[in-house]
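# What the coordinates show
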Amino acid sequence: MSDGFPEIRFQGQLRPSQAEAIAVVEQQLAAGQKRLHIVAPPGSGKTVLGLFLWAHHIRKPALVLSPNSAIQSQWAARTDLFQSTLTPKQLVSTDSNSRALLTSLTYQSVTLPRRGDADLEADALDFWVDILIYKEQAQDPAEAQIWINDLKVHNPDYFEKRMRVYRKAVRDEAILKGNALEMLHDSSQQTMETFKHQGVGLIILDECHHLMGHWGRVLADAHDYLDQPVIIGLTATPPDEKGKLQEDIDRYTDFFGPIDYEVPIPAVVKDGYLAPYQDLAYFVRPTPEELSYVANTDDQLQRIMETLCTPRVIKMERETEPESEGAPETETAEPPIERAEPLQDWLLQLLTNLELPSGKVEDWTTFERRDPSLADASRLFLQHRDIALPAHVPPLSVDLIDEDIPRLNYWAPMLDRYIRHRLRCSPSQADQELAQQAIDQLRLLGLQITETGCQACASPVGRVIAYSRNKIKALVPILSQETDNLQEDIRAVVIADFEKTSATSAEVEHLLDEEAGGAIAAFKQLVSNPPTDWLNPVLLTGSSVLVDDDIADLLQSRAEEWLRAREIDVTLTRETFDGFDLLNGSGSQWSPRVYVEMITELFQAGVTRCLVGTRGLLGEGWDANKINVLIDLTTVTTSMTVNQLRGRSFRLDPDQPEKVANNWDVVCIAPEFTKGLDDYERFNKKHCRLFGVTDDGLIEKGVGHVHAAFTELKPEGLEESVQLLNSDMLTRSAKRAESRRLWKIGEPYQGIPLKTIEINSSGRKGSGWGCMPFQGLRSPWSAESLTKAVSRAVLEALQEAGQLSKDSSLQIGARSGDYIRVFLDKTSEADCELFLSAVNQVFGPLQGARYVIPRHVHQIEDTWISRLLPDLLGRFFRKTEQELAMVHAVPATLARNKRLVAIFESRWNQHVSPGEALFAYRGAGAELVEEAQRAGCVPHCKIHEKEIFL
């Protein structure tokens, strides 16, 4: 080639998503862009995409960096899809000392910090000295140095542990100041120099979400050192910014820029390049012992509130002084010490005087605007206690308060303000002690009040629920059902946070032993129950392998064959325990990398049908395409980690072309208690960015794709129907073919996200009773027919008013749990949101509505004549009466003037009910609203907002 780069050709065919990404990148490169940012799910072909861009577009020596050796090897292996005149060694290398056109290394190999450097040691010691003086543990540098030297002699392990901390702190500080390359180990510096001489023109940073830290600081400087080659950042998900330094966040954002192309998981599934899947959940209650602890802790909240609301007696301080020797003592009274008024009195005074920490404000509007959380919390609290609000404070509409939100969430703002600004500032020692007592108790409930405010924190209750023993027991019914579903083909993976989950506080030591909720507890549960013992489980730990005793001999034999075939010098031995064996390896080559790969291949071959491990071992870079059941016991909620875990089961299995993966979450709930939904909240956070197929054949983002009753706040009615719901989930697990059909693989799709709402009006007066009030119709309304009629009236009114495109297509679908889904197809995002907002207002509360409109139904009753005649004739003699069923709001966008109101009224009369739209603020409209509220004829629908992929 004229540019000196050899001819390298891709021998396969690009997937649609890969082709779209390359088209975008071509435009960016043509515009002079040299930093490209691509997000694509595991299994979507990121590796091939990066190699194609290198071989066909960048055409320069390249460096690929990955977070671990497994991914490093995958890049080298995938070059076999490219045809070249070069030898394999000339084309690709995984050794920094071996020159090749493309070199695949780990981040660690090029960012290794220097160690044992004299300057670094001195700087670290100086930093330690400064810390000791700052924390008043030493008076001066000499005293601090004596203490450090003594520690080095008498406790060298602790000394070295602390030195590692301070070395890292010194290195990080230097790197943040732009001295990253100077702080590298000699080997890393030599590697950088080698690539500079080679003229690397492309750096591919795989799983680049890892670069919000040390690796990112080094590579930002390295980019300039290597004369600014083209950068391609690839990741399955953007990084989690929580707990990161702002400097690192800013550097990452500046370095990669905005996302140039994102491959949505549904697109890759619909194109047939990832396996379809369904998300399922199994719910458990805490054990009796755990429940008792949760209940007792929950009672503490009520006791805290009762204590804070109890009037306190002013404390009289007295002291006695003898007037003279032998004279009787007389009491000298000190001024009384003022006690803080109880919480409700303080809140009432606060609202009466409109007092904020910064001072009084002039009116309620200003008070509410400056501190809306306190304004709502205080009003709600006082109203619930039937305490009249000051005349200038408007009452809070309790109908607008979602009862599903835990009480502590509402009470937190006022508790925080009362404790910090009243009790702590009280001159009474008793009040100050009461403040500390309340703070300590609230911390147990997950609310931490500090000097500057309040925030959520980890609570012992949350930990007990997260690692409930019943979550481990749920593995048996789930895997028993999946075994019935798949028989010999089952390949299940159970993933926990840790091998062991030690209790961290004295409060829960009696409930959580060191194995609670961990991978070891899960493994023992499986081997001790016959239905799951049949799976021959294997547990991968950080140092060894636990094997079901039924296959211990076979697995050891197959493992030894595997090691010999790869010339890995390891000797395997076993120790026998109750129900399982411990497989140990000895030899310098025995490492997690070796035995994870070995056991994975035996899992793929069916020697074991169930792997148990931690997200550390079975996480990023681990691949087993036969997984068809994944059970997630972890507590992680970041989209980055969740996507990595779920991505394990999406891989296509060539031996099972109809593969459908079931991904299970096990959730422990106790909704009746303050912290009883902590685990459900984690479940919700896991799914908030995940798409999944729903029972009406749409691809939906969020927890609702698992079940229509699941919402962001609370699973509706779950506490009454756990057994029924679990039974439904187990039944759904067997319907893999139905799930695959719902994905509509291979059918055309728009490839865009759209908003939708789901409406549940069942069980409410006027929604499912009575007949349609039109001449000749005797059909009763149903939730679906009513939702469709109202939505059509709204759509046509908006179109006639010129507010919505006439090309928009109304879509209505029924979901489980009596929910009706509503959305617009073939329309813009803005039009869709306008329409859904209008429908939401019609089915929502009447508060604030400018115009309202009645909905009538026909009530049909038999007469003495209709009872005598056959049904076909008798229906003509039945008695029909019109009755008010509901009063609805006219959507705000159609209530701005009389012309728009008339348009909506016309369409309402056509599709829903005869009735006149009335001005709601006075006259007949105000009377209609009052009558409807008195009769209970106002909407109380449950409405969920969702995002779907079409």
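Anything mentioned here points back to the structure above.
Quick notes on the rules
Each chain has its residues counted from 1, running along the sequence as written. Where totals are concerned, whole chains, interfaces and linings use all residues; where local detail is concerned, this predicted model gives features only for residues with pLDDT of at least 70, and gives and counts side-chain atom pairs only at 80 or more. Excluded from the side-chain calculations are hydrogens and water; all other atoms, namely the structure's heavy atoms, are used. Numbering goes from the N terminus for both helices and strands, where a helix is a DSSP run of H or I of at least four residues and a strand is a run of E of at least two. Exposed residues in this analysis have more than 50% of their type's maximum accessible area, buried residues have under 20%, and partly exposed residues fall in between, with area computed by a 1.4 Å probe over protein chains only. Per-residue accessibility takes into account occlusion by the displayed protein chains alone, with areas from the Shrake-Rupley method and a 1.4 Å probe. We define a nonpolar core as any set of buried Ala, Val, Leu, Ile, Met, Phe, Trp, Tyr and Cys residues linked to one another through side-chain atoms lying within 4.5 Å. Only strands that DSSP links by at least two bridges are regarded as paired with each other. The angle between two axes is taken between their N-to-C directions and runs from 0 to 180 degrees, where each axis is a line fitted to C-alpha atoms and a helix contributes only its stretch in contact. Each reported salt bridge corresponds to a side-chain nitrogen of Lys or Arg within 4 Å of a carboxyl oxygen of Asp or Glu. For a helix, the expected span equals 1.5 Å multiplied by the residue count minus one. To sort the angles, those under 35 degrees are grouped as roughly parallel, those over 145 as roughly antiparallel, those from 65 to 115 as roughly perpendicular, and the leftovers as oblique. Each helix crossing is assigned a hand: it is left-handed if the near helix lies turned anticlockwise from the far helix by less than a right angle, otherwise right-handed if that turn is clockwise. Should any heavy atoms of two residues lie within 4.5 Å, those residues are counted as being in contact.

Before going further, it helps to spend a moment on the overall build of the protein chain. Regarding its fold elements, the protein chain presents 35 helices and 33 strands. Here the protein chain holds 950 residues, and the buried ones make up 53% of them. Taken as a whole, the protein chain presents about 43,300 Å² of accessible surface, with 48% of it coming from carbon and sulfur.

Nonpolar side chains in soluble globular proteins generally cluster together in the buried interior. F283, I631 and F710 are the most contacted members of the largest nonpolar core, which totals 54 residues. With six residues, helix α22 (residues 519-527) is the single largest residue contributor to this core. The next biggest cluster of nonpolar side chains, apart from the first, holds 48 residues, and it includes F10, A21, L49 and A55.

The six strands are arranged β25-β26-β33-β27-β29-β28 in an open sheet whose pairing can be described as antiparallel. Every other strand in the sheet has two partners, leaving β25 (691-693) and β28 (809-815) as the edge strands with one partner each. Averaged over neighbouring strand pairs, the angle between their axes works out to 35° when direction is ignored. In this sheet, strand β33 (residues 942-949) lies alongside strand β26 (residues 699-701) in antiparallel orientation, the contact comprising three bridges. Paired with E700 across the two strands is I948, which belongs to β33.

Here we take up the pattern of salt bridges. In the structure shown here, the tally under the stated rule is 41 salt bridges. Here K196 ties to D227 by a salt bridge, and the two come within 3.4 Å at their closest N and O atoms. Of this pair, K196 sits in helix α9 (residues 186-198) while D227 sits in the loop between α10 (214-225) and β8 (230-235), and the two are 31 residues apart along the sequence. A relative accessible area of 54% places D227 in the exposed class. Connected through salt bridges with shared partners, the residues D695, D696, E700, E758, R815, R821 and K946 form a single ionic network.

Turning our attention to helix α16 (residues 372-384). The end-to-end C-alpha distance of α16, which contains 13 residues, comes to 18 Å, matching closely the 18 Å that a straight helix rising 1.5 Å per residue would cover. All of the buried residues along α16 are L374, A375, A377, S378, R379, L380, F381, L382 and Q383.

This part is about the packing of helix α13 (residues 288-308) against helix α18 (residues 429-444). Between α13 and α18, the shortest axis-to-axis distance is 9 Å and the interhelical angle comes to 155°. Taken together, the axes of α13 and α18 lie roughly antiparallel to each other. Classified by chirality, the crossing of α18 by α13 is left-handed. Only L434, A438, Q441, L442 and L444 of α18 make contact with α13, whose side of the interface consists of T297, Q300, L301, I304, T307 and L308.

Before going further, it helps to spend a moment on the pairing of strand β29 (residues 819-825). In terms of residue burial, β29 counts as a mostly covered element, since seven of its seven residues are buried. Burial along β29 is two-sided: the face carrying Y819, R821, F823 and D825 and the face carrying I820, V822 and L824 are both buried. Examined bridge by bridge, strand β27 (residues 753-760) and β29 share three bridges and lie antiparallel to one another. Following the sheet pairing, E758 is matched in β29 by R821. Relative to β29, β28 is paired through seven bridges, and the arrangement is antiparallel. Note on β29: the bridge partner recorded for R815 is Y819. Adjacent in sequence and paired antiparallel, β28 and β29 are bridged by three residues, among which G817 carries a positive phi angle near 80°.

Any functional reading would require information that these geometric values do not contain.
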